[in-house]
Amino acid sequence: MAHTINPNDTTRATAYALWMQAPNPMVTFFKTLDVTSLVKLSRQRGLKFNMLLDYCIGRAAAGLKEFYLLPVGEDLIQYDSIAVNTIVQNQAGEINSCDLRCWDTLEQFNQEYLTYTAQTAETGQDRDLSEENMVIGTSAIVDTELNGAVGMNSGIFHNPFLIWGKYRK
């Protein structure tokens, strides 16, 4: 569920005031993470690497109260739950957006990931959970190597979480 709150009653009051007046209110932070353990876990348990990465992003965001807040129009909206967005290649070779609820357990998240990414790939229809969930964008693009992204302000993905990884054999 989402509801409007008074920005002055949050720890984000000053940031909200500045953010609402910014012509391009998007900040992207870059951090290289060592994903070696995640790659090993993926291989050992037969789990999709992207699913594990999305799960970690969701769990990290879920632990920060600021990720539950989103400026919408002139209001500050507080969400009770978080979802993670992933990009899915559909049967036509195009991409679709698929939002996945953040669950406490990896098993629950994996089941939702497998079910809804397959459904999105088959139907070519986006899965949008933004009415009831704060959606975290993961910036995962299918079959594309990314070297960087700066200043994207699409009006769709409001809370980016861009991940860089490195892997050691």
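All values reported here derive from a predicted model rather than from experimental measurement.

Novice: What should I look at first to understand the packing of helix H3 (residues 49-62) against helix H4 (residues 106-123) in this one?
Specialist: The geometry of a pair of packed helices is captured by two quantities: the angle between their axes and the separation between those axes. The interhelical angle for the contact between H3 and H4, taken along N-to-C directions, is 125°, at an axis separation of 10 Å. Judged by the angle between their axes, H3 and H4 are oblique. Crossing of H3 over H4 shows right-handed handedness. The residues of H4 that touch H3, namely those facing Asn 50, Met 51, Leu 52, Asp 54 and Tyr 55, are Leu 106, Phe 109, Asn 110 and Tyr 113. For the contact of H3 with H4, the class distribution of residues is six nonpolar, two polar and one charged.

Novice: Can you walk me through the nonpolar core in this structure?
Specialist: Note that soluble globular proteins tend to have their nonpolar side chains buried in a common cluster. The biggest cluster of nonpolar side chains holds 25 residues, and the ones touching the most others in it are Met 51, Leu 52, Ile 82, Leu 106, Phe 109, Met 134 and Ile 136. Elements supplying a minimum of two residues to this core: helix H2 (36-45), H3, strand E4 (75-79), strand E5 (82-89), strand E6 (95-101), H4 and strand E7 (134-137). Ranked by residues supplied to this core, first place goes to H3 with six residues.

Novice: Mind showing me how you'd approach the pattern of salt bridges here?
Specialist: Pairs may arise between side chains of opposite charge once their charged atoms sit close together. Applying the stated criterion to the full structure yields four salt bridges. Among the ionic pairs, Arg 59 bridges to Asp 104, the shortest N-O distance being 3.2 Å. Of the two residues, Arg 59 is situated in helix H3 and Asp 104 in the loop between E6 and H4; the sequence distance between them amounts to 45 residues. Here Glu 112 makes a salt bridge to Arg 101, at a shortest N to O gap of 3.8 Å. Residue Glu 112 is located in helix H4, and its partner Arg 101 is located in strand E6; the two are separated by eleven residues in the primary sequence. A single salt-bridge network, built from bridges that share partners, covers Arg 101, Glu 112 and Arg 127.

Novice: It is not clear to me how the packing of aromatic side chains should be interpreted in this structure. Could you clarify?
Specialist: Within a pair of aromatic rings, the relevant descriptors are the distance that separates the centres and the angle that separates the planes. Scanning the model with the defined rule gives one aromatic pair in all. Note on Tyr 55 and Phe 109: the rings are 5.6 Å apart at their centroids and 50° apart in plane angle, and the pair reads as tilted. Placement of Tyr 55 in helix H3 and of Phe 109 in helix H4 is noted, with a sequence separation of 54 residues between them. Given the relative accessible area of 15%, Tyr 55 is considered buried. Sitting above the plane of the Tyr 116 ring, Arg 127 keeps its charged end 3.4 Å from the centroid.

Novice: Sorry if this is basic, but what is going on with the sheet that holds E6 here?
Specialist: Taken together, the three strands give an open sheet; going across it, the order is E6-E5-E7, and neighbouring strands pair in mixed fashion. In this open sheet, the two strands that pair with only one neighbour each are E6 and E7. Neighbour-to-neighbour, the strand axes of this sheet turn through a mean angle of 35°, independent of strand direction. Of the strands in this sheet, E5 and E7 touch H3, which is tilted by about 155° from E5. Sitting on the sheet, H4 touches E5 and E6, and the angle it makes with E6 is about 155°.

Novice: Please clarify how the environment of Glu 112 should be interpreted in this entry.
Specialist: Overall, the relative accessible area of 8% leaves Glu 112 in the buried class. With ten residues separating them along the chain, Glu 112 and Cys 102 place their C-alpha atoms 9.3 Å apart. Setting aside residues up to four positions removed in sequence, Glu 112 forms contacts with Leu 100, Arg 101, Trp 103, Thr 117 and Arg 127.

Novice: Sorry if this is basic, but what is going on with the pairing of E7 here?
Specialist: Consecutive side chains along a regular strand alternate between the two faces of the sheet. Neither face of E7 is left uncovered, since the one carrying Met 134 and Ile 136 and the one carrying Val 135 and Gly 137 both have all their residues buried. Looking at chain direction, E5 and E7 are connected through four bridges and run parallel. Opposite Ile 82, over in E7, you have Met 134 as the bridge partner.

So, how was this worked out
Residues numbered from 1 in each chain as written. Predicted model: local features only at pLDDT ≥ 70, side-chain atom pairs only at ≥ 80, totals over all residues. Heavy atoms only, no water. Axes fitted to C-alpha atoms, helices over the stretch in contact; angles between N-to-C directions. Helix = DSSP H or I, 4+ residues; strand = E, 2+ residues; numbered from the N terminus. Parallel < 35°, antiparallel > 145°, perpendicular 65-115°, else oblique. Left-handed = near helix turned anticlockwise from the far one by under 90°. Contact = heavy atoms within 4.5 Å. Nonpolar A, V, L, I, M, F, W, Y, C, P; charged D, E, K, R; others polar. Core = buried A, V, L, I, M, F, W, Y, C linked by side-chain atoms within 4.5 Å. Buried < 20%, exposed > 50% of the residue type's maximum accessible area, 1.4 Å probe, protein only. Salt bridge = Lys/Arg side-chain N within 4 Å of Asp/Glu carboxyl O. Phe/Tyr/Trp six-rings, centres within 6.5 Å; stacked < 30°, edge-to-face > 60°. Lys NZ or Arg CZ within 6 Å of the ring centre and 35° of its normal. Pairing = 2+ DSSP bridges.

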